[in-house]
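Report on the structure
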Amino acid sequence: MTKETKTEKAKRLLTTGCVLVEFADEEKIMAKVAGDTSGYQVWIKDEPRCSCPNRQGDCSHIEAVKMIWRNE
Ligand SMILES: [Zn+2]
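For the structure given in this document, a descriptive report is provided here. Keep in mind that this is a model prediction, so the values were computed, not measured. (Residues numbered from 1 in each chain as written. Predicted model: local features only at pLDDT ≥ 70, side-chain atom pairs only at ≥ 80, totals over all residues.)

Here's the deal with the overall build of the protein chain
Looking only at helices and strands, the protein chain has two helices and four strands in total. Ordering the α and β elements of the protein chain from the N terminus gives α-β-β-β-β-α. Against the compact-globule benchmark of 11 Å for 72 residues, the protein chain has a radius of gyration of 11 Å, which places it among compact chains. Here the protein chain holds 72 residues, and the buried ones make up 22% of them. A separation of at least 24 residues holds for 34% of the contacts in the protein chain among residues at least 6 apart in sequence. (Helix = DSSP H or I, 4+ residues; strand = E, 2+ residues; numbered from the N terminus. Rg over C-alpha atoms; globule rule 2.2 N^0.38 Å. Buried ≥ 20, exposed ≤ 12 C-beta atoms within 10 Å, placed from the backbone. Contact = placed C-beta atoms within 7 Å.)

What about the packing of helix H1 (residues 6-15) against helix H2 (residues 60-68)?
Packing of H1 against H2 brings their axes to within 8 Å, and their N-to-C directions diverge by 60 degrees. Between H1 and H2, the angle falls in the class oblique. The crossing of H1 and H2 is right-handed. Touching Lys6, Thr7, Lys9, Ala10, Leu13 and Leu14 of H1 are Ser60, Glu63, Ala64, Met67 and Ile68, all from H2. Of the residues assigned to the contact of H1 with H2, the class counts are six nonpolar, two polar and three charged. (Axes fitted to C-alpha atoms, helices over the stretch in contact; angles between N-to-C directions. Parallel < 35°, antiparallel > 145°, perpendicular 65-115°, else oblique. Left-handed = near helix turned anticlockwise from the far one by under 90°. Nonpolar A, V, L, I, M, F, W, Y, C, P; charged D, E, K, R; others polar.)

Here's the deal with the sheet that holds strand S2 (residues 29-34)
With antiparallel pairing, the four strands of this open sheet are ordered in space as S1-S2-S3-S4. A single partner strand is all that each edge strand has here, and the edge strands are strand S1 (19-24) and strand S4 (47-50). For this sheet, the mean inter-axis angle between neighbouring strands, taken without regard to orientation, is 15 degrees. Direction of pairing for strand S3 (residues 39-45) relative to S4: antiparallel, over a ladder of four bridges. When the bridges of S4 are listed, valine 42 appears paired with cysteine 50. (Pairing = 2+ DSSP bridges.)

What to know about the nonpolar core
With 13 residues, the main nonpolar core has Val33, Val42 and Val65 as its most contacted residues. At the level of elements, H1, S2, S3 and H2 are the ones that each hand at least two residues to this core. Excluding residues within four positions of it along the chain, valine 33 makes contact with Leu13, Cys18, Val19, Gly39, Tyr40, Val42, His61, Ala64 and Val65. (Core = buried A, V, L, I, M, F, W, Y, C linked by C-beta atoms within 7 Å.)

As for the environment of proline 53
By the element assignment, proline 53 lies in the loop between S4 and H2. Put simply, proline 53 and isoleucine 29 are 24 residues apart on the chain and 20 Å apart in space, counted from C-alpha to C-alpha.

Structure follows, in structure tokens:
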């Protein structure tokens, strides 16, 4: 079994309803993401930020929020 990629995990978070957008406009978005072990806060404005212990700006939580924001 291969490890789930960041993009695959992000898609799974979206399809299972783990992403809750709290606020979004053209410049920023704030969302809560229910991860596998805990809930995280994602905030994207210029720099993406996530409260999870992974590398900042490069985790599946941010990836998932980016997918729904601006339809990118
Ligand atoms: Zn994260």
